[in-house]
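# Tertiary structure, described
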Amino acid sequence: MDAADIKNLKATELRLGLPGTHLEENNVIITEEKSSLSSTTPVLNNNKRPLQEETSPANNKDCGSKCSNNNTDDDAAPPPSKAKIVGWPPIRSYRKNSLQEQSEAAGGIYVKVSMDGAPYLRKIDLKVYGGYPQLLKALENMFKLTIGEYSEKEGYKGSDYAPTYEDKDGDWMLVGDVPWDMFVTSCKRLRIMKGYEARGLGCAV
Amino acid sequence: MNYFPDEVIEHIFEYVVSHRDRNALSLVCKSWYRIERCTREKVFIGNCYSITPERLIQRFPALKSLTLKGKPHFADFSLVPHGWGGFVYPWIEALAKGKVGLEELRLKRMVVSDDSLELLSRAFPNFRSLVLVSCEEFTTDGLAAIAANCKSLRELDLQENEVDDHKGQWLSCFPDSCTSLVSLNFACLKGEINVGVLERLVARSPNLKSLRLNRSVPLDALQRILTRAPQLVDLGVGSYVQDPATETFVKLMNTMHKCKSITSLSGFLEVTPRCLTAMYVICPNLTSLNLSYAAGIPGSDLIKLIRHCKKLQRLWIMDSIGDKGLGVVANTCKELQELRVFPSDNIGHHAAVTEKGLVAISMGCPKLHSLLYFCHQMTNAALITVAKNCPNFIRFRLAILDATKPDPDTNQPLDEGFGAIVQSCRRLRRLSLSGQLTDKVFLYIGMYAEQLEMLSIAFAGESDKGMLYVLNGCKKLRKLEIRDCPFGDTALLTDIGKYETMRSLWMSSCEVTVGACKVLAKKMPRLNVEIFNENETADCELEDEQKVEKMYLYRTLAGKRKDAPEYVWTL
């Protein structure tokens, strides 16, 4: 589904309330992001992703940068600079290159997340989460809503929202049914369904 | 002993194996020197430029096994520019010319060309064992030559080498007649290998005890290979990705039950963590576990696996295990002797390790004697506790990721903590320091570290006194490597005789000047004093007052080397 489809979908969406009174007021353009695994800037605002500006393999990430960002603007010369120091930490270049390749090859598993009613989509990296609870929490934070807890029988009962995903076969599935690893490898995109549609997926008809 | 015939002494010497003991024997008297040199089969050369191959061959005519080390240790961390040296070809050429009956060659941090491997494979009919650690320049073509030509090859062990893949199907070059393999490790190769060829090779190698695969070998192939080689003792898993709900995975689970001999496990270069359950059955037998390249295993799964590994003696792991995970290790692995904790790439994503994890380990693992620990912080209190709990350290290497970080609790340097370590661990042979450190830590080291042989220092100290404490105090010091410390000419020149008792000294980004290095080189003809000058052109004169960016000096009987690149000035 590309941006055009989303627009059309929204046009056909049945909602309570007058048309035009929704979030479209922001007039934000839905960006079309073609490749999901390209090195775009991280979507999340926390420091979970390593610095992506690696100038050369010899320069190391500064693993302390998370805590020391506030020092970099100091006038006083920082004691051996907290920026990247060649050869520190003392890890064999083979090991460093190997792990870098692993994390690049593994890439992030970036998937689009759409939420019904939202003017633009978000993108998240599934690799960053250890499991469903973290993912759901992140979605709740990102879209400022409550999804609640998963139950096999009743889905996300008690919530207006149901997190769903499109799998490799093109089917829309409820998030949480399959083991996490399987989900991560089969999830192509996420959609947070809202309203009656959400309830439709969750219960047995 | 003069009254014993030579044959008796020779027979006794057969039991003396370690090269240090052998060296000691050779110093007793001329007669023992002669007998020893004629019977020595294994020689270790810690610096390939300390002696010429011709001299080696002359002294040890019975040479069968040679270990050579090339570049200085800091080359591992990209501090030695490309092309410095450590070429093995001249050695192999000389050994071939001297008709040495070479059977084993172990190389570390050397430049190994395909030509050298080709020559090696042809010149020594009894050649059986090649071990390459952190070497470079060779490609799969060189490996093909080894596979094709070494008729009685038993061991091909490639550890952490940068190897170019020439897609030549090197594995297929092992002839059908090759059935003697005992150890095959190609985990560091990045290219594809023919899985069918590998399986057939394993099938015709009944003595195969150690097999470490690279990432291109998938899980289903692993299962088939293990079926053919249930006698394996050491296994390195390549790719370990599978949907656990498949028959393939079930087959693997069953196969693992038959692999009762595996005591050493490593690899998992790509991994589906949920599939690790298949390994649980062999975990109780493991004495060595290396998951330091298994970036795909989250901490929780590491912990689950380790809970089954009660016999572990060696553990290499990533810091994704976290302090809590190290607590589990401390409770489970009571036989632990060696621990290495490496930093993972995704900072912030994983729980890192701090002083707490180390303290837990020290409390639970009394047999610990070797440590390499990358951590976010360390405290004096923790180091003092560790020193008390583990007085048996032989190797203690601490790398705080923020190189000059003080004790976060007290904001003090870590002098007292490391002081406690050297004071308590009387058998300490190797030490690496980090964190904020003054001259005081070196005072302690000089006073207490009597057995210290190798010391690595970075971003530490305040004055020349620091270095002098070490040079004066550590009588057994063999290798000293220093970077980014305020040690200068006085420290360098105060006791120049000391350097002939050591293998080498490395100093980079310190306060040493060209003039001082020249003085040193002039006074000590049996030292090679090398200065690396990467910015200047060859024509440029070195001013005496100039600070030296990188200096590497080593004792040698071979004189100035002829293969140094342009940026190396041997004074």
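Not measured: the values here are computed from a predicted model. (Residues numbered from 1 in each chain as written. Chains lettered and ligands numbered in written order. Predicted model: local features only at pLDDT ≥ 70, side-chain atom pairs only at ≥ 80, totals over all residues. Heavy atoms only, no water.)

## Let's talk about the overall build of chain B
- When helices and strands are tallied, chain B shows 19 helices and 23 strands.
- Relative to its length of 571 residues, chain B is compact, with a C-alpha radius of gyration of 25 Å against a globular reference of 25 Å.
- With the C-alpha coordinates aligned to their principal axes, the bounding extent of chain B is approximately 70 × 60 × 60 Å.
- A fraction of 71% describes how many contacts in chain B between residues 6 or more apart in sequence connect residues 24 or more apart.
- When the accessible surface of chain B is summed, it comes to about 22900 Å², and 51% of that surface belongs to carbon and sulfur atoms.
- On chain B, the mean spot of the 71 positive side-chain charges and the mean spot of the 66 negative ones are 8 Å from each other. (Helix = DSSP H or I, 4+ residues; strand = E, 2+ residues; numbered from the N terminus. Rg over C-alpha atoms; globule rule 2.2 N^0.38 Å. Contact = heavy atoms within 4.5 Å. Areas by Shrake-Rupley, 256 points an atom, 1.4 Å probe, with all protein chains shown as cover. Lys, Arg positive; Asp, Glu negative; His and termini not counted. Charge placed at Lys NZ, Arg CZ, Asp CG, Glu CD.)

## Topic: the pattern of salt bridges
Residue and element names in this part refer to chain B.
- In total, this model carries 35 salt bridges over all chains according to the counting rule given.
- Of the charged contacts in the structure, one is a salt bridge between arginine 20 and glutamate 453, with a shortest N-O distance of 3.0 Å. Taken as a pair, arginine 20 in helix H2 (residues 19-26) and glutamate 453 in the loop between helix H16 (439-448) and strand E18 (454-458) lie far apart in primary sequence, 433 residues in all.
- Taking relative accessible area as the criterion, glutamate 453 reaches 9% and is therefore assigned buried.
- Among the salt bridges present, the one from lysine 367 reaches glutamate 335, with a minimum N-O distance of 2.8 Å. (Salt bridge = Lys/Arg side-chain N within 4 Å of Asp/Glu carboxyl O. Buried < 20%, exposed > 50% of the residue type's maximum accessible area, 1.4 Å probe, protein only.)

## Considering the side chain of glutamate 355 of chain B
- If you trace the backbone, glutamate 355 of chain B turns up in helix H13 (residues 355-364).
- Beyond its immediate chain neighbours, meaning those up to four positions away, glutamate 355 of chain B contacts Gln377, Met378, Thr379 and Ala382 of chain B.

## A short note on the pairing of strand E1 (residues 42-45) of chain B
Residues and elements named next belong to chain B.
- The alternating pattern of E1 places Val43 and Ile45 on a buried face and Lys42 and Phe44 on a face that is not buried.
- Across four bridges, the pairing between E1 and strand E2 (residues 65-69) is parallel. Note that in E2 the partner of lysine 42 across the bridge is serine 65.
- After leaving E1, the chain enters helix H4 (residues 53-59) and then returns to the sheet as E2, a path that is right-handed. (Pairing = 2+ DSSP bridges. Right-handed = clockwise from strand over helix to strand, strands pointing away.)

## Quick word on the confidence of the model for chain B
- Per-residue confidence for chain B gives a mean pLDDT of 94, with 98% of residues at or over 70.
- This complex was scored by the predictor with a pTM of 0.78 and an ipTM of 0.89. (pLDDT = per-residue confidence, 0-100.)

## Concerning the pairing of strand E3 (residues 161-166) of chain A
Residues and elements named next belong to chain A.
- Most of E3 sits inside the fold, with six of its six residues counted as buried.
- Of the two faces of E3, the one holding Tyr161, Pro163 and Tyr165 and the one holding Ala162, Thr164 and Glu166 are both buried throughout.
- Examined bridge by bridge, E3 and strand E4 (residues 172-174) share three bridges and lie antiparallel to one another. Considered in E4, the bridge of threonine 164 is made with leucine 174.

## Focus: the nonpolar core
- Within the largest apolar cluster, 190 residues are counted, with the highest numbers of intra-cluster contacts made by Tyr240, Phe396 and Ile445 of chain B.
- The contact partners of isoleucine 445 of chain B, leaving out residues within four places of it in the chain, are Val422, Leu431, Leu433, Leu452, Leu455, Val470 and Cys474 of chain B.
- Judged by nonpolar contacts, the second largest core, of 29 residues, contains Leu139, Leu145, Tyr156 and Tyr165 of chain A. (Core = buried A, V, L, I, M, F, W, Y, C linked by side-chain atoms within 4.5 Å.)

## Digging into the environment of asparagine 126 of chain B
All names here are of chain B.
- Mapped onto the fold, asparagine 126 is located in the loop between helix H6 (114-123) and strand E4 (129-133).
- Note on asparagine 126: relative accessible area 45%, which makes it partly exposed.
- Sequence separation of asparagine 126 and glycine 101 is 25 residues, and the distance between their C-alpha atoms is 6.9 Å.
- Ignoring any residue separated from it by four or fewer positions in sequence, one finds asparagine 126 in contact with Leu102, Glu103 and Ser152.

## A short note on the UniProt feature "domain: F-box" (unreviewed entry) in chain B
- Per the UniProt record, the feature "domain: F-box" (unreviewed entry) sits at residues 4-45 of chain B.
- Here residues 4-45 of chain B runs as 62% helix and 10% strand, with 31 Å between its end C-alpha atoms. (UniProt positions renumbered as here; feature names shortened; annotations may be inferred.)

## With respect to the packing of aromatic side chains
- Counted according to the given criterion, the structure contains 25 aromatic pairs over all chains.
- Summarising the aromatic geometry, the rings of phenylalanine 13 of chain B and tryptophan 32 of chain B are spaced 5.2 Å apart at their centres and angled 80 degrees between planes, so their arrangement reads as edge-to-face. Of this pair, phenylalanine 13 of chain B sits in helix H1 (residues 6-13) while tryptophan 32 of chain B sits in helix H3 (residues 30-39); the two residues are 19 residues apart in sequence, bridging distant segments of the chain.
- An angle of 50 degrees between the planes, with centres 5.9 Å apart, marks the rings of phenylalanine 74 of chain B and phenylalanine 77 of chain B as tilted. Per residue, the accessibility class of phenylalanine 74 of chain B equals that of phenylalanine 77 of chain B, and both read buried.
- The ring of phenylalanine 342 of chain B has arginine 95 of chain A lying over it, and the distance from NZ or CZ to the ring centre is 3.6 Å.
- For the cation-ring pair, arginine 561 of chain B lies above tryptophan 84 of chain B, with the distance from its terminal atom to the ring centre recorded as 4.3 Å. (Phe/Tyr/Trp six-rings, centres within 6.5 Å; stacked < 30°, edge-to-face > 60°. Lys NZ or Arg CZ within 6 Å of the ring centre and 35° of its normal.)

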